[in-house]
Amino acid sequence: MTALDVQHTRITVGAHLSRRQFIGSTASLSLCAIIPTGLLAASSATQRIVVRANAEIGVVRPEFHAHFAEHLGSCVYGGLWVGRKSSIPNIDGYRKQAVDYLRELGVPVLRWPGGCYADDYHWRDGIGPVEQRPKRVNIHWGGYIEDGSFGTHEFIGLCRLLGAEPYLAGNVGSGSPRELRDWIEYCNMPSGSTLAEERIRNGATDPFRVHYWGVGNENWGCGGWMRPEVYGTLYRQFSVYLREFGGTKPFLVASGPNGNDRKWTRGFMDTLDGGSPGGLSMHYYESGPDPATEFGADHMSQQLSTFKKVEDAVVEQRAILDGYRDGHKIGLILDEWGVWDKIPEEDEKRYGKLWMQSTMRSAVAAGLGLNIFNRQADKLFMCNIAQIVNVLQSLLLTDGPEGKSCIRTSTYHAFALFKPHRSKTAVRVETQDSSPLSVSVSASKSEKELVVSFVNPRHDADFEIDCTLQGSTAKEAKAQILHHPDWNACNTFENPNRLLPQTHTVALDGYRLRMDLPRLSVATVTISIA
Ligand code: AHR
């Protein structure tokens, strides 16, 4: 143990400061006790936390903040894509306000076209002259007719505009290995082959270089209602034909479990019997029985408690994969997650299928999820919240497909608060309480910065954070907080900035950081370190 370590294990216990004394205090504190770390005791209002800057977990991959856009309701049509002739301000058909907001946040990866839609989508329906594209019924999401005007080229164009890596979800449920193989060649082969030349004729001289390919989606459900052995057999067959073209090696993502379904993962891995996909996709929604803006306290607590199970699922699914030969090479991908509340019919009629508000509760949920990804950084490869615009726990909302308004949701702001973690190295934190609704914490560091995020999921308890920073010398700290005591509070078209991150007071005294963490809040502290 170094002198620094000894110094850092000293923190004051028992000296409870009043809330007023506590906030904004920069006076030096008496450091009089050494407590064994991990055995932290405190008053109920004080949450003692230790950040171990030297205990590295793994890189916070920007891909943990990835997104998902499905042909569902007004996510793609009317949300991201309004068409070139629209009176809604657009850049080449893409809704300008949405592009501006998403560029500001940064979208590392965008998954498309589904979801359930993926296994009923035939990519050739979305290429070539728009007037000649067939009109298809969206069987999963309301039976309306789509004109195919948003296809592969339009999706890649959006990714380029956002600076996002494209992630295409292929069709296994109603498609064939040949169809998916050809989509890869069409996208990635530079020139010379019939498919590459067709892409070039359709306006794209450069190959799309798509790296991420989903081999089906939820094949245990809407993707063909298969048994894991059946899907595993199909995966083996498909994977033989899904090849590298033009130097872009496809990273194949197999359809993984619904939540923590161990049977699915084992059944799939047993059938695979050697060989490994690049990733396995787990989907984990946190459902709730109330409409987003009318949540009852108990239902909110139940929903937020689910995140403990999500974290357990990440750990258990990782362990299952690691138990197989070459299983450790498979990236665990949570490519659909987020709260799924009861959706009022009138909202769907007005704004589109699965259109859902995002409230202070949703922001807390986002914070709980993003904290998990940091804490389990060594076990995860990518996480895509469902979905990016208008559908479920979205980042942006528009007032329907025709509406001109486009606002940032509370979830958008929660993601913005976690942006400073991207590409840093996650480090271990210790909290005094690990029950499902306790204060949730994660931390990451670079050479110059330590970033710590806190989430208070309680609607009935404010906390004082007393956080010891071990293994780094802190110089200056700044904090931002998103908070509202009303969990049903949200940004609306009339009041789009009701929930916005605010500067928050934080007191830094050497290696000790203290601040208020009010009920229902998400806060990030950025600390410059020597
Ligand atoms: O995100 C909505 C739907 O949820 C997706 O289409 C499907 O994959 C999941 O069941």
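Residues numbered from 1 in each chain as written. Predicted model: local features only at pLDDT ≥ 70, side-chain atom pairs only at ≥ 80, totals over all residues. Heavy atoms only, no water.

## Topic: the sheet that holds strand β23 (residues 512-517)
Using the following cut-off: Strands are treated as partners if at least two bridges between them are detected by DSSP. Counting from the N terminus, the helices are DSSP H or I runs at least four residues long and the strands are E runs at least two residues long. For helices, the fitted axis covers only the stretch in contact; all axes are lines through C-alpha atoms, and the angles between them, taken along N-to-C directions, range from 0 to 180 degrees. By definition in these notes, contact holds between two residues if any of their heavy atoms fall within 4.5 Å.
With respect to topology, ten strands assemble into an open sheet ordered β21-β20-β24-β18-β17-β16-β1-β19-β23-β22, the strand pairing being mixed. The open sheet has two free edges, formed respectively by β21 (502-504) and β22 (507-509), since each of these has just one partner strand. With strand direction ignored, the average angle separating the axes of adjacent strands in the sheet is 25°. Note that strand β1 (residues 46-59) and strand β19 (residues 463-470) share seven bridges and pair parallel. Pairing of Val51 across the sheet is with Leu469, part of β19. Across the sheet, helix α11 (residues 360-375) touches β1, β16 (425-431), β17 (440-445), β18 (449-456), β20 (474-483) and β24 (521-529), and the angle it forms with β17 is around 50°. Of the strands in this sheet, β17, β18, β20 and β24 are in contact with helix α12 (residues 410-418), which crosses β20 at around 170°.

## Re the state of the cysteines
Disulfides are covalent bonds that connect the sulfur atoms of two cysteines. To be explicit about the condition: Two cysteine sulfur atoms make up a disulfide if the distance between them is within 2.5 Å. Throughout this description, buried means an accessible area under 20% of the type-specific maximum (1.4 Å probe, protein chains only), exposed means over 50%, and partly exposed covers the range between.
On inspection of all chains with the given rule, the structure shows one disulfide. Bridging Cys116 to Cys222, the disulfide has an S-S length of 2.2 Å. What sets the handedness of the Cys116 and Cys222 disulfide is the S-S torsion sign, and at about -90° it is left-handed. One end of the pair, Cys116, is in the loop between β5 (109-112) and β6 (136-137); the other, Cys222, is in the loop between β9 (212-215) and α7 (228-241), with 106 residues separating them in the sequence. Take Cys490: it sits in no disulfide, and the sulfur closest to it among the cysteines is that of Cys406, at 15 Å. Under the relative-accessibility criterion, Cys490 is labelled buried at 8%.

## Remarks on the packing of helix α5 (residues 177-188) against α7
Put simply, the test is: It is the rotation of the near helix from the far one that decides the hand of a crossing: anticlockwise by less than a right angle makes it left-handed, clockwise makes it right-handed. Basically, the charged four are Asp, Glu, Lys and Arg, the nonpolar ten are Ala, Val, Leu, Ile, Met, Phe, Trp, Tyr, Cys and Pro, and anything else, Gly included, counts as polar.
Packing of α5 against α7 brings their axes to within 9 Å, and their N-to-C directions diverge by 35°. At the point where α5 passes α7, the crossing takes the right-handed sense. Residues Pro177, Leu180 and Arg181 of α5 pack against Gln237, Phe238 and Tyr241 of α7. In the contact of α5 with α7, the residues fall into four nonpolar, one polar and one charged.

## Notes on α11
Heads up, the rule is: Any helix carries an expected span of 1.5 Å times its number of residues minus one.
When the terminal C-alpha atoms of α11 are compared, their 23 Å separation across 16 residues agrees well with the 22 Å that a helix rising 1.5 Å per residue should span. For α11, the buried fraction is high: 15 of the 16 residues fall into the buried class.

## As for the site of the ligand
The condition that has to hold: Any residue with a non-hydrogen atom lying within 4 Å of a molecule or strand is treated as near it. In protein, a polar contact means a hydrogen-donor-capable atom and an acceptor-capable atom, both N or O and within 3.5 Å, with residues adjacent in sequence counting only if both atoms are side-chain atoms; elsewhere, any N or O pair within 3.5 Å suffices. The accessible surface values rely on the Shrake-Rupley method and a 1.4 Å probe; as for residues, cover is taken only from the protein chains in view.
The environment of the ligand is made up of 13 residues, and the closest members are Glu70, Cys116, Glu218, Tyr285 and Glu336. Between the ligand and the protein, one listed contact pairs an oxygen atom with a backbone N or O atom of Cys116 at 2.8 Å. At a separation of 2.8 Å, an oxygen atom of the ligand approaches a polar side-chain atom of Glu336. In isolation the ligand exposes 280 Å². Once the protein is present, 93% of that is buried. For the shell around the ligand, the per-class residue count stands at seven nonpolar, three polar and three charged.

## Focus: the confidence of the model for the protein chain
Filter applied, for reference: The predictor's confidence in any single residue is recorded as pLDDT, a number from 0 to 100.
Mean pLDDT over the protein chain works out to 92, with 92% of the residues at or above the 70 mark. Between residues 1-43, whose pLDDT stays under 50, and residues either more than four places distant or in other chains, the model counts 75 contacts.

## Some thoughts on the packing of aromatic side chains
Put simply, the rule is: Pairing of aromatic rings covers Phe, Tyr and the six-membered ring of Trp, with a centre-to-centre limit of 6.5 Å; geometry is then stacked below 30 degrees between planes, edge-to-face above 60, and tilted otherwise. Definition used: whenever NZ (Lys) or CZ (Arg) falls within 6 Å of the ring centre and also within 35 degrees of the ring normal, the charge is taken to sit over that ring.
In the structure shown here, the tally under the stated rule is 27 aromatic pairs. By way of ring pairs, the aromatic residues Trp81, Tyr94, Trp112, Tyr117, Tyr121, Trp123, Phe150, Phe155, Trp183, Tyr186 and Trp213 are connected into one cluster. Over the ring of Phe381 we find Arg61, and its NZ or CZ is 3.8 Å from the ring centre. The residue whose ring lies beneath Arg361 is Phe295, and the NZ or CZ to ring-centre distance is 3.6 Å.

## Details of the pattern of salt bridges
Threshold: Here a salt bridge means any side-chain nitrogen of Lys or Arg lying within 4 Å of a carboxyl oxygen belonging to Asp or Glu.
Here the structure, examined in full by the defined rule, presents 27 salt bridges. Across the pair Asp92 and Arg84 runs a salt bridge whose closest N-O atoms are separated by 3.8 Å. Where Arg262 meets Glu316, a salt bridge forms, and the shortest distance between an N and an O atom there is 2.7 Å. Highlighted residues: Arg262 in helix α8 (residues 262-272) and Glu316 in helix α9 (residues 297-322), separated in sequence by 54 residues. The class of Glu316 is partly exposed, set by a relative accessible area of 29%. One network of salt bridges, with partners in common, ties together Arg178, Arg181, Asp182 and Glu185.

## A look at the sheet that holds strand β10 (residues 251-258)
Read around the closed barrel, the eight strands follow the order β2-β5-β8-β9-β10-β11-β12-β13; overall the barrel is parallel. Taken over all neighbouring pairs, the strand axes of this sheet differ in orientation by 25° on average, direction set aside. Relative to strand β13 (residues 382-386), strand β12 (residues 331-342) runs parallel, the two sharing three bridges. Residue pairing in the sheet places Leu334 in a bridge with Cys383 of β13. Contacts between α11 and the sheet are confined to β12 and β13, with β12 contributing the most and set at about 165° to the helix.

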